Amino acid sequence: MKKIIAVLLTLVMAFSMTYITPVEAETFKYQMQLGKQYSGKLEGSVLYYMKVYDYAEYNFTVSKATNIKVEVKYSGDSCSYNLKSGSSYYSTDSKGAAYLQPGSYTLEIKGYAATYTAKVSDIGVGSVKFNKSSATLKEGTRIPFTYTCSYEQARKDISITNSKQKVSTASLSVNSDGTGYVYMSPKFIGKTVVTLKLKGGNTSKFTAYLRNGFWFVAKGNKSKMPKPVGFKKLKWKSSKKKVVTINKKTGKIKAKKGGRVTITAKKGKQKFTIKLVVTDYIKLAKKTYREIRDTVNNPDKLKIYNVYKGYSKQIYTNGAKIPVVMIDFGSTNDFGAMTRKKIMAYYDEVHEARFISVSNANNIISKKSIKKSKIK
């Protein structure tokens, strides 16, 4: 028995000498030159079956705000790295880039039984660039661009300007993979220039041509057509002269009858089309009256109080005033009691009549009365 105990004690002592002896991590410090590649090996050790990691610290400085690219490659059991300044840690994006202010920094490499190579490069403030310089837009779309700086700087320092907000909205979105897009939503025909600017870096411009739009007028209108934004001395043409005539130099129209007509404006190689919707108030009022009669409980007891024409305060399309009619009427409900309602009607872009309930006559501007006898 004593021999067995002695053998066990010998084994315990041998195990302790191998695995329980305290071992400290080693730290190797170097001065790093930006753009130069370094290599090394981290042995580490074992304590209580746990790995003790060695550290390699590469110190470097940046003299001005700049983007750096960190490249660490390794092989072996285990390895990782951090970028820090004092007690503050900095993250890199998917490209290994980070945006640093002037100061001293450390690339800390932590490893066990691993070999590595390390390189930190100064890639400057970077650049931003649209994928193409211009395009013709009809609907909302994304205009892609790329950038070469870090994601952190791109998100913070890329700004956007839109020369003609009347033509289209423009909003900026930045992805973490070196790409982004400007979302544009057309509002009216014409040209607008969107500019991206990277703070401390370059600018990139994109020209958008919005060629198709809609406008709304009433029968008898003699105003000038709205010009495509950013162009002068256009040549005008009407597709249906029986509906609308237009002066080819001035763009002044005469809306002769209700309907839908295509107005073309040309300037050099650029061609813009405006779908002009002409409202005949009397015809629209008659159609609205028929719509009401078809929907009330008892058409024979339908009572018309007022009929108005004018322009809507509620409906806006591409900044245009929409001609409307409104009928103030009374009809019986399911219990036979008379209730009073108001319906406003207008034509949409394809000259289809639309009907909506409104609260009062103040929903119309430039309001004028229509004789009730004209709509029945």
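Position numbers for residues start from 1 in each chain and track the written sequence from start to end. The predicted origin of the model limits local features to residues at a pLDDT of at least 70 and limits the giving and counting of side-chain atom pairs to 80 or more, whereas totals for whole chains, interfaces and linings rest on all residues. Heavy atoms from the whole structure form the basis of all side-chain values; hydrogens and water molecules are not counted.

Engineer: Just give me the short version of the overall build of the protein chain, but keep the residues and values in it.
Structural biologist: Secondary structure elements follow DSSP: runs of H or I no shorter than four residues count as helices, runs of E no shorter than two count as strands, and numbering proceeds from the N terminus. Within the protein chain one finds three helices and 28 strands. Here the C-alpha radius of gyration of the protein chain, 37 Å, is well above what a compact globule of 376 residues would show, namely 21 Å. Referenced to the eigenvectors of the C-alpha coordinate spread, the extents of the protein chain come out at roughly 125 × 65 × 30 Å. Classification of residues uses two cut-offs on accessible area relative to the type maximum, computed with a 1.4 Å probe and protein chains only: under 20% is buried, over 50% is exposed, and between them is partly exposed. Looking at the protein chain residue by residue over its 376 residues, the buried ones come to 40%. Computed with a 1.4 Å probe, the accessible areas rest on the Shrake-Rupley method; for each residue, only the protein chains presented here act as cover. Counting every atom, the protein chain has about 21400 Å² of accessible surface; 49% of that belongs to carbon and sulfur. Across the protein chain, 70 positive and 23 negative side-chain charges occur, with their mean positions spaced 22 Å apart. We compute the radius of gyration from the C-alpha atoms alone; for a globule the expected value is 2.2 Å times N to the 0.38, where N is the number of residues. The positive count covers Lys and Arg only, the negative count covers Asp and Glu only, and His and the chain ends enter neither. Think of each charge as sitting on NZ of Lys, CZ of Arg, CG of Asp or CD of Glu.

Engineer: Please give an account of the pattern of salt bridges that cites residues and values.
Structural biologist: Here a salt bridge means any side-chain nitrogen of Lys or Arg lying within 4 Å of a carboxyl oxygen belonging to Asp or Glu. With the rule as written, the count across this model stands at six salt bridges. Among the ionic pairs, Asp 328 bridges to Arg 340, the shortest N-O distance being 2.6 Å. Of this pair, Asp 328 sits in strand 25 (residues 320-332) while Arg 340 is found in strand 26 (residues 338-347), placing the two residues 12 residues apart along the sequence.

Engineer: So what about the confidence of the model for the protein chain? Which residues, and what values?
Structural biologist: Per residue, pLDDT measures the predictor's confidence, with a range of 0 to 100. For the protein chain, per-residue confidence averages 89 on the pLDDT scale, and residues scoring 70 or more make up 92% of the total. Counting contacts from residues 5-9, a segment whose pLDDT is below 50, to residues more than four positions away or on other chains yields zero contacts. Throughout, a residue-residue contact means that at least one pair of heavy atoms, one from each residue, lies within 4.5 Å. Confidence over residues 14-22 falls short of pLDDT 50; this stretch has 10 contacts with residues more than four positions distant or in other chains.

Engineer: Can you explain the nonpolar core? Please cite residues and give values.
Structural biologist: The biggest cluster of nonpolar side chains holds 75 residues, and the ones touching the most others in it are Phe 145, Met 225, Val 244, Ile 263 and Leu 276. Of all the elements, strand 25 adds the most residues to this core, at seven residues. Residue types Ala, Val, Leu, Ile, Met, Phe, Trp, Tyr and Cys, when buried and joined through side-chain atoms within 4.5 Å, form a set referred to as a nonpolar core.

Engineer: Describe the layout of surface pockets, listing the residues and the values that go with them.
Structural biologist: Put simply, the grid is 1 Å and covers the protein atoms alone, a cavity is a trapped set of points that fit a 1.4 Å probe, a pocket is an open set with protein on both sides within 12 Å along at least five of seven lines, and lining residues have an atom within 4 Å of a point. Grid points are joined across faces, edges and corners, and a volume is the space filled by probe spheres set on the points. A volume near 190 Å³ is recorded for the largest pocket. Lining the largest pocket are 14 residues; nearest its centre among them are Thr 295, Val 296, Phe 329, Ser 331 and Lys 341. Its residues placed into classes, the lining of the largest pocket shows five nonpolar, seven polar and two charged. Residues are grouped as follows: nonpolar covers Ala, Val, Leu, Ile, Met, Phe, Trp, Tyr, Cys and Pro; charged covers Asp, Glu, Lys and Arg; every other residue, Gly included, is treated as polar.

Engineer: I'd like a description of the pairing of strand 27 (residues 353-357), backed by residues and values.
Structural biologist: Here strand 26 runs beside strand 27; their pairing, made up of five bridges, is antiparallel. Considered in strand 27, the bridge of Tyr 346 is made with Arg 354. Here strand 26 hands over to strand 27 after five residues, with His 351 in that stretch at a positive phi of 65 degrees. Pairing between two strands requires that DSSP report at least two bridges joining them.

Engineer: I'd love a proper account of the packing of aromatic side chains, names of residues and values included.
Structural biologist: Two rings from Phe, Tyr or Trp (for Trp, the six-membered ring) form a pair when their centres are within 6.5 Å of each other. A pair whose planes differ by under 30 degrees is stacked, one over 60 is edge-to-face, and the rest are tilted. Applying the stated rule across the entire model yields nine aromatic pairs. Look at Tyr 38 and Tyr 58: their rings are 5.4 Å apart centre to centre, the planes differ by 45 degrees, and that puts the pair in the tilted class. A residue pair is termed long-range when its members are at least 10 positions apart, and Tyr 38 in strand 2 (residues 37-42) and Tyr 58 in strand 5 (residues 54-62) qualify at 20 residues. The exposure class assigned to Tyr 58 is buried, which follows from its relative accessible area of 2%. Aromatic pair Phe 130 and Phe 145: ring centres 6.2 Å apart, planes at 80 degrees, arrangement edge-to-face. A residue pair is termed long-range when its members are at least 10 positions apart, and Phe 130 in strand 10 (residues 128-130) and Phe 145 in strand 12 (residues 141-147) qualify at 15 residues. An identical accessibility class is assigned to Phe 130 and Phe 145; each is buried. Among the aromatic residues, those joined into a ring-pair cluster are Tyr 30, Tyr 38, Tyr 58 and Tyr 116. Sitting above the plane of the Tyr 181 ring, Arg 142 keeps its charged end 4.2 Å from the centroid. Whether a charge lies above a ring is judged from NZ of Lys or CZ of Arg, which has to be within 6 Å of the ring centre and within 35 degrees of the ring normal. Taking the ring centre of Tyr 308 as reference, the NZ or CZ of Lys 367 above it sits at 4.8 Å.

Engineer: Residue-level account of helix 3 (residues 281-295), with values.
Structural biologist: Between its first and last C-alpha, helix 3 extends 21 Å over 15 residues, near the 21 Å set by a 1.5 Å rise per residue. Looking at helix 3, one finds that the buried residues are Tyr 281, Leu 284, Ala 285, Thr 288, Tyr 289 and Ile 292. The buried residues of helix 3 all sit within an arc of 140 degrees when viewed along its axis, so they share a single face. In helix 3, the exposed positions that point more than 90 degrees away from the buried face belong to Lys 283 and Asp 294. For a helix, the expected span equals 1.5 Å multiplied by the number of residues minus one. What the arc covers is the set of directions going from the helix axis to the C-beta atoms.

Engineer: I'd like a description of the sheet that holds strand 22 (residues 259-267), backed by residues and values.
Structural biologist: Backbone hydrogen bonds hold the strands of a sheet together, and the pairing may be parallel or antiparallel. Spatial strand order, 18-23-22-19: four strands in an open sheet with mixed pairing. Lying at the two open borders of the sheet, with one neighbouring strand each, are strand 18 (212-218) and strand 19 (235-238). Each strand of the sheet is rotated relative to its neighbour by a mean of 25 degrees, with strand direction disregarded. Both strand 18 and strand 23 (residues 270-279) contribute to a ladder of seven bridges, which runs parallel. Paired with Asn 212 across the two strands is Thr 273, which belongs to strand 23. Helix axes are fitted to C-alpha atoms over the stretch in contact, other axes to C-alpha atoms as well, and angles between N-to-C directions run from 0 to 180 degrees.

Engineer: Describe the sheet that holds strand 14 (residues 168-174), with residues and values.
Structural biologist: The four strands lie next to each other as 10-12-15-14, forming an open sheet whose pairing is antiparallel. Among the strands making up the open sheet, the edge pair consists of strand 10 and strand 14. Each strand of the sheet is rotated relative to its neighbour by a mean of 25 degrees, with strand direction disregarded. Bridge count between strand 10 and strand 12: three bridges; the pairing is antiparallel. What sits directly across from Lys 129, in strand 12, is Thr 146.

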